[in-house]
Amino acid sequence: MGVSADALLAITVLWGFIFIYAVMGTMDFGAGFWSMIYLNQKKTKATNIANRYLSPTWEVTNVFIVAIVVAVFSFFPGAAYILGTVLLIPGSMILLLLAIRSGFLVFSHIAKDYERALTYISGISGFIIPALLISILPITHGKYIKVVDGVHQLQIGTVFTSPNVFAFIGFAVSSTLFLSSLLLADYSRNLAGEEKAYEVYRRDALITGPISLVMAFLIMLTLRSEASWIYSNMMEYLPALISSVVMFLIAGAALFIPFKNRNTLGRPRIAMVAVLLQYFFASYAYGRAHLPYMIYPDITLDAGFTDPNTFHALFISYIVGFAILFPGFIFFWNLFMKNPKTAEENES
Amino acid sequence: MTDLVFARSLFGTTMGFHIIFATLGVGIPLMIFFAEIMFQRTKDIDYSIMAKRWTKGQAVLLGVAIPTGTIAGTQLTLLWPGFMEVIGRVMSLPFQIEIYAFFIEALFMSIYVYAYDRIGPKTRLLSVFFIFLGATASAVLITNVHAFEGTPAGFRIQNGEIVDVDPWAAFFNPSFLVSAAHVAFSAFMTGAFMITTIAAFKMLKNRKNERLFTFHRKAFIMSLLIGLVSSFLTAINGHESAQMLHEYQPEKLAAAEGLFETQDHAPLAIGGFTDREAQEIKYGIEIPWALSFLAGNSFDTEVKGLNDFPEEYWPPLFVHTLFNAMVLIGSALIGLSLFGLVWKKFIKRPFPKWFLWVCIPAGPLSLLSIEFGWIFACTGRQPWVIYRLLKTSEVVTKSGNIGTLFLCFTVVYAILGTAVLLVLLYYFKRNTVEKDLAAAQGNSREGNGVDVY
Ligand code: HDD
Ligand code: HEM
Ligand code: HEM
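Residue positions within a chain follow its written sequence, with the count starting from 1. Labels follow written order: the first chain is A, the first ligand is 1, and so on. Given that the model is predicted, a residue must reach a pLDDT of at least 70 before its local features are reported, and side-chain atom pairs must reach 80 or more before they are shown or counted; all residues, however, enter totals for whole chains, interfaces and linings. The basis for the side-chain values is all heavy atoms of the structure; hydrogens and waters are excluded.

The name that an unreviewed UniProt entry assigns to chain B is Cytochrome ubiquinol oxidase subunit I, with the source organism given as Metabacillus flavus. Here chain B is described in UniProt, under the heading Sequence similarities (unreviewed entry), as follows: "Belongs to the cytochrome ubiquinol oxidase subunit 1 family." UniProt positions are given in the numbering used here, feature names are shortened, and annotations may be inferred rather than shown by experiment. On record in UniProt, under Subcellular location (unreviewed entry), the comment for chain B is "Cell membrane".

Looking up chain A in an unreviewed UniProt entry gives the name Cytochrome d ubiquinol oxidase subunit II, with the organism given as Metabacillus flavus. Chain A has a UniProt comment under Subcellular location (unreviewed entry) that states "Cell membrane". Its UniProt record gives chain A a comment under Sequence similarities (unreviewed entry), which states: "Belongs to the cytochrome ubiquinol oxidase subunit 2 family."

Here's what the structure looks like:
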């Protein structure tokens, strides 16, 4: 493939950030959406559960967006130059929605009397964000960028009429709902012990899961005609793609296994892990197939790569940084994800 | 208007909006930290209540600080792709390290806010400290990028190519420490004087209510003390910043002072407006020799005037006013806090009413100073985005449509700014100090935590 080891290392780190953000972000935006949908059903506590997950995590999730942006321009300044140029409009739309979403999410928890209106604003704006974010992927496939007088220009009209882009958007939206409902199902039963909420979220996951799988197939179908280079590359990673589908089926099955002393079926923890593996395999296949291009066909990994001295300094900072941060993450995890009883006590 | 002007306006507006919340995000945690320390030393419940109320306010501010910061970071690449290509190759370390600072802050903020009752007093103090540390570190690191723009180091440009990159030399560029310290100190003083503003207002309102009055008085004294120390440090260090300009960006200092002819025994001009045609400051007060002394600690120091530089490299001349306003506010606030503390220590009578009135604008003035300082620093660097190496006009995006974006972002900032004010007013009207005090006296667990929703 002709990619230097440094560039490969850098793209792996970037891919890791994108994967983590894809998972945390969909859960974050999805939880915001569900907390809006179930606002009226106080009985099931579904909104309550969604908020309990959302409140402490949205800030940490947001840092990953910044981490992705920084990783792009510090590892691949050449690609960042073109991405920055073509993404001005879609990027700005994402930023505007993000500002409204985060702001009103916080406001809705503080101004109780206006909770309803504020939750709707943040829920809806948050719901659109994944759709716009994912459209960046097809943009890097090349077809939508024209070079006019040496300037890269995005053909916005073509982007938002392309079946392939719509398939990606449909996938982002359904995945957001699927992943978050599954997470919240797990959270409801295993951490909060709220069976009513579990039933609600289990049902949602059962509806949205198959839709997201269909969308994934639609992506492949449209990719074949619109960006055949990446389609044929992905077919070389067929085992990973098949494993992904198998993991999806395992997750589905796990939602029908009986659970000790409970009326409703399902082992949400197993389903959750299987679905994470499903997305992992699929993203791996997609990411590998994308190489060596950052933006097809102009910018390869090496063409846009940063200065080697800078790369080495950055890499050392990564190692030191994560060594320092790791205990913090563990503490955080134990406090919020493992300790349901105390989380509940603090509820008021 | 051209896209360049729109891009500058858009980025300037974003930064001008972000900096309000970012500065408070550094300054308020410092105040919370000291309130927690006071609580643990004196066991006076008032300090604990203060810490919790300020934390609540800070949590609301974060709702705007974080997304606007995210906008700032992304907009750099969207609006100035040519600039970020250079930064990516040479100066990406501070951005990278800043991510860790953000993580530290976000993790411990969540822990402090949402797990207040579950962690012991020691862990609580440690959490606030980490919030403060994370916020300060992120301010210091981002300022470092700004410092690099003024005093670039660690690379050369040869035939249009960037060569000999040394990222650590870029990181420790000549103005890093001075600029970073100035930004940190000025953020501390802004946090402190914001509390002064609120406390003074509340003291005036609650003169009849002994209990509430003492509560706010404690916050008032604490804020004056921290305000005095940090505003003093800001001024001392501002003096060093000016000397840095003298050495590295002489035309910026000349523009700040409206000095046209190079001279020793140069005068310091206060107030007035720079007249480009007449080549002098109109309606200002001149202190003979003072500028030479400011720039080099000696009256013999030769200060470069604008005429030594081609006119196309002159910064906009209105920066003189911004610089003056910043220095004036800084000096006034030192005087203000000193007066208050001397009064308390030696006169030992209740603060006079007029003094409390005078204290009310302290916080907003301090924020204004931050805005002036930044506009001075960024606009005063024009036409360069990286001093003497890269022009702003060369790095701007070629995408077009920036006028529309400018409008959209401004509207969203206006909405968020209004909403955040309303939400803060709403919350603190509902949850009065009386309620917190009553809850604390009842010793119930209720109201004791920073509640989740
Ligand atoms: C509360 C805010 C505040 C106050 C009271 C002061 N400053 Fe300041 N100043 C800032 C807030 C600030 C700032 C917003 O933080 C800046 C913008 C860029 C920077 O590095 O710090 C700044 C920049 C800045 C610069 C330009 C640095 C550059 O262009 O790189 C100089 C020369 C001074 N200051 C000097 C002073 C002096 C002599 C002061 C006397 C009291 C003073 N400042 C008070
Ligand atoms: C947070 C407080 C800040 C404010 C209020 C501020 C304000 C401004 C303003 C008004 C402009 C437009 C200048 C003009 O065209 O006249 C500008 C430009 C700019 N600033 Fe700042 N700035 C701030 C911080 C920073 C920091 C920390 C950096 C470094 C990362 C930075 C980097 C830039 C760049 C790259 C430009 C565009 C290019 C240029 O005009 O030189 N700014 N800023
Ligand atoms: C010197 C002026 C600046 C200061 C003092 C400052 C400080 C801060 C602080 C303290 C925060 C954390 C939020 C809070 O605790 O309130 C923050 C957030 C942020 N700032 Fe700024 N900032 C400055 C300028 C900039 C610039 C120029 C950029 C972009 C390059 C930027 C990017 C960000 C980002 C991305 C966040 C959000 C981080 C997150 O997701 O948690 N800041 N800033």
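**Q** Quick one: what's the story with the environment of B:Pro174, residue by residue and with numbers?
**A** Residue and element names in this part refer to chain B. Working definition: helices are DSSP H or I runs of at least four residues, strands are E runs of at least two. Numbering for both runs from the N terminus. With respect to the element layout, Pro174 can be found in the loop between helix H6 (167-171) and helix H7 (176-205). C-alpha of Pro174 to C-alpha of Gly160: the two residues are 14 residues apart in sequence and 24 Å apart in space. Any two residues whose heavy atoms approach within 4.5 Å are treated as being in contact. Leave out the neighbours within four places in its chain, and Pro174 touches Thr151, Ala153, Met244 and Tyr248.

**Q** Can you lay out the site of ligand 3 for me, pointing to particular residues and giving the numbers?
**A** Any residue with at least one heavy atom within 4 Å of a molecule or strand is counted as near it. Around ligand 3 lies a shell of 28 residues, among which A:Asn62, B:His18, B:Gly69, B:Glu105 and B:Trp374 are the nearest. Neighbouring residues of ligand 3 are not confined to one chain but are distributed across chains A and B. Counting of polar contacts relies on pairs of N or O atoms within 3.5 Å, with two restrictions inside protein: one atom must be capable of donating a hydrogen and the other of accepting it, and residues adjacent in sequence are counted only when both atoms are side-chain atoms. In this structure, A:Asn62 approaches ligand 3 through a side-chain N or O atom, which is 2.7 Å from an oxygen atom. Between ligand 3 and the protein, one listed contact pairs an oxygen atom with a side-chain N or O atom of B:Glu105 at 2.3 Å. If you list the elements that add at least two residues to the shell around ligand 3, you get helix H2 (46-75) of chain A together with helix H1 (3-42), helix H2 (45-79), helix H4 (93-114) and helix H5 (121-150) of chain B. With nine residues, H2(B) is the largest single contributor of residues to the shell around ligand 3. Side-chain classes are defined by residue name, with Ala, Val, Leu, Ile, Met, Phe, Trp, Tyr, Cys and Pro counting as nonpolar, Asp, Glu, Lys and Arg as charged, and the others, Gly among them, as polar. Broken down by class, the residue content of the shell around ligand 3 amounts to 18 nonpolar, nine polar and one charged.

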